[in-house]
Amino acid sequence: MSQPQQPLLKLEGVKKYYPIKGGILQRVQGYVKAVENVSLEVFEGESIGIVGESGCGKSTLGRTILGLEKATDGKIFFKNQEISNLPEKKRKTFKKEMQMIFQDPYASLDPRQRIGAALEEVFVIHTKMTKAEREERVLQLLKEVGLKEEHYDRYPHEFSGGQRQRIGIARAIALNPSLVICDEAVSALDVSVQAQIIKLLKDIQEKHRLTYLFISHDLGVVRHFCNRVLVMYLGSTVELAPSHELYANPLHPYTKALLSAIPRPKPGVKKERIRLEGDLPNPANPPKGCPFHTRCPIATERCKQERPEWKEVAPNHYVACHEVQ
Ligand code: ADP
Ligand code: MG
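What you are looking at is a predicted structure, and each value in this text was computed from that prediction instead of being measured.

Parameters at a glance
Residues numbered from 1 in each chain as written. Chains lettered and ligands numbered in written order. Predicted model: local features only at pLDDT ≥ 70, side-chain atom pairs only at ≥ 80, totals over all residues. Heavy atoms only, no water. Pairing = 2+ DSSP bridges. Helix = DSSP H or I, 4+ residues; strand = E, 2+ residues; numbered from the N terminus. Axes fitted to C-alpha atoms, helices over the stretch in contact; angles between N-to-C directions. Contact = heavy atoms within 4.5 Å. Salt bridge = Lys/Arg side-chain N within 4 Å of Asp/Glu carboxyl O. Buried < 20%, exposed > 50% of the residue type's maximum accessible area, 1.4 Å probe, protein only.

Strand order in this open sheet of eight strands is β6-β7-β8-β3-β9-β10-β12-β11, and the pairing throughout is mixed. Sheet topology places β6 (98-101) and β11 (311-314) at the edges, where each strand pairs with a single neighbour. Averaged over all neighbouring strand pairs, the angle between strand axes comes to 25°, with direction disregarded. Relative to strand β9 (residues 228-233), strand β3 (residues 47-51) runs parallel, the two being bridged by four bridges. For Ile48, the partnering residue across the bridge sits in β9 and is Arg228. Contacts between helix α6 (residues 191-208) and the sheet are confined to β3, β6, β7 (179-183) and β8 (211-215), with β8 contributing the most and set at about 155° to the helix.

This brings us to the sheet that holds strand β4 (residues 73-78). Pairing within the open sheet is antiparallel, and its four strands lie in the order β2-β1-β4-β5. With one partner strand each, in any of the chains shown, β2 (27-42) and β5 (81-82) form the two edges of the open sheet. Its contacts with the sheet place helix α1 (residues 58-66) against β1 (9-22), β2 and β4, and it is angled at close to 115° to β1.

Our focus in this paragraph is the pattern of salt bridges. Under the defined criterion, the tally for this structure stands at 17 salt bridges. The salt bridge partner of Lys10 is Glu41, with a shortest N-O separation of 4.0 Å. Here the residue Lys10 occupies a position in strand β1, and Glu41 occupies one in strand β2, the gap between them amounting to 31 residues. According to the relative accessible area criterion, Lys10 is partly exposed, its value standing at 28%. With a shortest N-O distance of 3.6 Å, Glu135 and Lys131 are connected by a salt bridge. Note that Glu135 and Lys131 are positioned in helix α4 (residues 131-144) at a spacing of four residues, about one turn of the helix. With relative accessibility at 33%, the residue Glu135 sits in the partly exposed group. A single network of salt bridges, built from pairs that share partners, joins Glu120, Lys131, Arg134 and Glu135.

Function cannot be read off these values alone, since they describe shape.
Right, here's the structure in full:
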């Protein structure tokens, strides 16, 4: 894919710290460093997978990009405009351009509201469309995500998990966004349904030239869906590469360990599983030096003291590790 020069989305040293309050006076006693210094360029039409263990800051990063959380530090640019410092009113135009699909769309649906009405609400809030126009558009959306006209009058509980995710997708694309963040969007679905939803996301991407950030703890899913993959550990980015490159030639010891845990599709092919020693450190008190050094099989003295730089070690292959040259 030829990449245009200007990225659709650009992150520069983005941080998100949550204050930890305690004591009678509820004073700030420390910070959960959920996202630590993330820099990334995302180009139109691509899908970037964001992977890493639970708690490594994937959702927080997504929410910060969307403006649902205010970045503690760093800059976020969307279509060349800085959006991380915009007042709420001015953000409104960008809000339509960026949408999120969650793991459980059911949680955000009102159980007493019919699906047609729930989808129409998006247009009531954001457009001046008439009732007839809204209805027509919702029917068109239902069709686009593989649902039928008769679903318009049904309630959320009448849908299966896969169908609910289709509704989540319909809602996300309703206002023609350019960036969609899928946060574990297929993680709760059975494998066969997962494949159908992934196909739908791909078809929609092609049709509307969407850009996806695809957050998932499942590296197997990300592999076939994304052109590039970003690996996070304790809020930091540790590796970024085109998918084929990352899966064939992982460089960071954390990426290697994650990949070694994916089951092989072919029986009989032996693969060594790298076990990570110890627990994930507390993000309120991350290790000094390289955040991964406490669990890294190849850590040296330097790794305990010095934080590794984020560097491009091969074309489009970035890694933060002292041991990778
Ligand atoms: P992931 O999506 O990768 O599982 P999250 O982004 O949800 O990780 O969380 C990253 C870290 O930030 C975790 O330690 C989590 O407990 C913490 N965290 C997330 N949201 C909040 C919040 N609103 N307040 C305080 N800490 C939070
Ligand atoms: Mg999450």
